[in-house]
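Fold and contact review
The residues making up each chain are set out below.
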Amino acid sequence: MKEILEALGIYPPNENKPNLYLSPLTGEKTPSFNISGNAFKCFSSGLGGGVADFLIAHFNFKDEIHTKRNGETYTYSAIAQALKKKDELLGNSTPQTPRERPKQEPKKPTNTVTKVIALENMALKRYLDSRGIRNPLALQYVKEIHYHNNKYNKDFYAVGMINESQGAVVRTKNFKSNIGKSDITIHSVMKKCHQVKIFEGMFDFWSYIEMNNDILYDAIILNSTTNVNKMKLDKYDVIELYLDNGVTGDIATIKIREMYPNTKDMRK
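Bear in mind the structure is a predicted one, so any value in this text is a computation, not a measurement. (Residues numbered from 1 in each chain as written. Predicted model: local features only at pLDDT ≥ 70, side-chain atom pairs only at ≥ 80, totals over all residues. Heavy atoms only, no water.)

The terminal C-alpha atoms of helix H7 (residues 247–259) lie 19 Å apart, and with 13 residues this matches the ideal 18 Å at 1.5 Å per residue to within 8%. Where H7 is buried, its residues touch strand S2 (33–36), strand S3 (39–42), strand S4 (47–49), strand S15 (238–242) and strand S16 (263–265). (Helix = DSSP H or I, 4+ residues; strand = E, 2+ residues; numbered from the N terminus. Expected span 1.5 Å × (residues − 1). Contact = heavy atoms within 4.5 Å.)

All right, on to unusual backbone geometry then. Positive phi, normally seen in glycine, also occurs at Gln166, with a value near 65°. By the element assignment, Gln166 lies in the loop between strand S9 (154–162) and strand S10 (168–171). Phi at Asn213 takes a positive value of approximately 55°, unusual for a residue other than glycine. Mapping Asn213 onto the fold places it in the loop between helix H6 (202–212) and strand S14 (218–221).

In a structure, side chains of opposite charge can pair up when their charged atoms sit close to one another. Considering all chains together, one arrives at 5 salt bridges under this definition. Lys85 is the salt-bridge partner of Glu88, the closest N and O atoms lying 3.4 Å from each other. With Glu88 and Lys85 both in helix H3 (residues 78–90) and 3 residues apart, the pair spans about one turn of that helix. With relative accessibility at 46%, the residue Glu88 sits in the partly exposed group. Residue Lys85 is classed as partly exposed on the basis of its relative accessible area, which comes to 22%. (Salt bridge = Lys/Arg side-chain N within 4 Å of Asp/Glu carboxyl O. Buried < 20%, exposed > 50% of the residue type's maximum accessible area, 1.4 Å probe, protein only.)

For the rest of this paragraph, the subject is the nonpolar core. Residues Leu128, Val159, Phe205, Trp206 and Ile209 are the most contacted members of the largest nonpolar core, which totals 24 residues. Contributions of two or more residues to this core are made by helix H4 (122–130), helix H5 (136–139), S9, H6 and S14. With 6 residues, H6 is the largest single contributor of residues to this core. Once you skip the residues sitting within four places of it in the chain, Trp206 turns out to touch Leu128, Ile133, Ala138, Tyr141, Val142, Val159, Gly160 and Met161. (Core = buried A, V, L, I, M, F, W, Y, C linked by side-chain atoms within 4.5 Å.)

Along the chain, Ser32 turns up in the loop between strand S1 (20–21) and S2. Exposure remark for Ser32: the relative accessible area of 15% places this residue in the buried category. For Ser32, the residues in contact, after removing those within four places along its chain, are Leu20, Tyr21, Lys41, Cys42, Phe43 and Ser44.

Quick look at the sheet that holds strand S7 (residues 111–118) now. The sheet built from 5 strands is open, its strands ordered S7-S8-S9-S10-S11 with antiparallel pairing. Every other strand in the sheet has two partners, leaving S7 and strand S11 (176–179) as the edge strands with one partner each. Across the sheet, the mean angle separating the axes of adjacent strands is 35° when strand polarity is ignored. Where S10 meets S11, 4 bridges bridge the pair, whose relative direction is antiparallel. The partner of Val170 across the bridge, within S11, is Ser177. Along the sheet, H6 contacts S9 and S10; its crossing angle with S9, the most-contacted strand, is approximately 55°. (Pairing = 2+ DSSP bridges. Axes fitted to C-alpha atoms, helices over the stretch in contact; angles between N-to-C directions.)

Considering every residue of the chain, the mean pLDDT works out to 89; 94% of them sit at 70 or more. Low pLDDT, under 50, characterises residues 93–99; the stretch is placed with 0 contacts to residues that sit more than four places away or in other chains. (pLDDT = per-residue confidence, 0-100.)

Looking now at the packing of helix H2 (residues 51–59) against H3. Axis separation between H2 and H3 bottoms out at 9 Å; the angle between their running directions is 95°. In terms of their interaxial angle, H2 and H3 are classed as roughly perpendicular. Every residue of H3 that contacts H2 at Val51, Ala52, Leu55, Ile56 and Phe59 is listed here: Ala78, Ile79, Ala82, Lys85, Lys86 and Leu89. Looking at the contact of H2 with H3 residue by residue, the classes come out as 9 nonpolar, no polar and 2 charged. (Parallel < 35°, antiparallel > 145°, perpendicular 65-115°, else oblique. Nonpolar A, V, L, I, M, F, W, Y, C, P; charged D, E, K, R; others polar.)

Now for H6. For the α-helix, the turn length of 3.6 residues means that residues three or four positions removed from each other point alike. Those residues of H6 that fall on the buried side of the exposure criterion are Met202, Phe203, Phe205, Trp206, Tyr208 and Ile209. Positive phi appears at Asn213, one or two residues downstream of H6, with a value of about 55°.

Before going further, it helps to examine the environment of Asn150. Mapped onto the secondary structure, Asn150 falls in the loop between strand S8 (143–149) and S9. Exposure remark for Asn150: the relative accessible area of 23% places this residue in the partly exposed category. Sequence-wise, Asn150 and Gly180 are 30 residues apart; in three dimensions their C-alpha atoms are separated by 13 Å. With near-sequence residues (within four places) excluded, Asn150 lies in contact with Lys108, Pro109, Thr110, Asn111 and Thr112. Here Pro109 takes part through its backbone oxygen, which lies 2.5 Å from a polar atom of the side chain of Asn150. (Polar contact = N/O pair within 3.5 Å; in protein donor to acceptor, adjacent residues only side chain to side chain.)

Here you go:
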């Protein structure tokens, strides 16, 4: 995102706040346009999203209907226009003749899950206790995950969750990591549940159970706000969001509420 803004001649007014800009989307006089990696949040307009979302808003791109010579029509989408503009701004070009990429041996993953069991290890239980997770109901949703580090040829264990792609999120007192493909984790309590609560991380989910002592709802743990589009929420009448009070949480909340208008922001 920073490279896109620089290509447009837009720089932060305060060198001590390199991620905060005067919004190029509004005429604000107090900086409220915040970037984080490839994401932005414009507090003066309420808009947020990725690079494509910014370019669509900045250049006012809209889907265009075009007609070919034979009378057929096709749509030149706003997203396609934004991606083309991104390439132009960054100086990227697509070669006329595609080159065949050299074949590479697949890299061996750094960590590999070897075993997933119910929580037994006392050191892990003490770690959860230090984080305030003590309720037996919450502990039912904690897994003890054993994994092998291929780089150092050593075995480790941690608390965590398995996601829908059979990857894992693991945590200990001094270590946190993702193993395998990042994805959401879904906990369904009944076949026809009409309420879902969405959490950004697994400790948020466990903490909610700890504080409320109930699990009478479906729960989705994003594990990363980049997984927002992987959720299918059409079957739910009540959707509650418990995301983080930060820029990424703001952006994810806005995106989900745009897709599902019956969503409630419960971060308060």
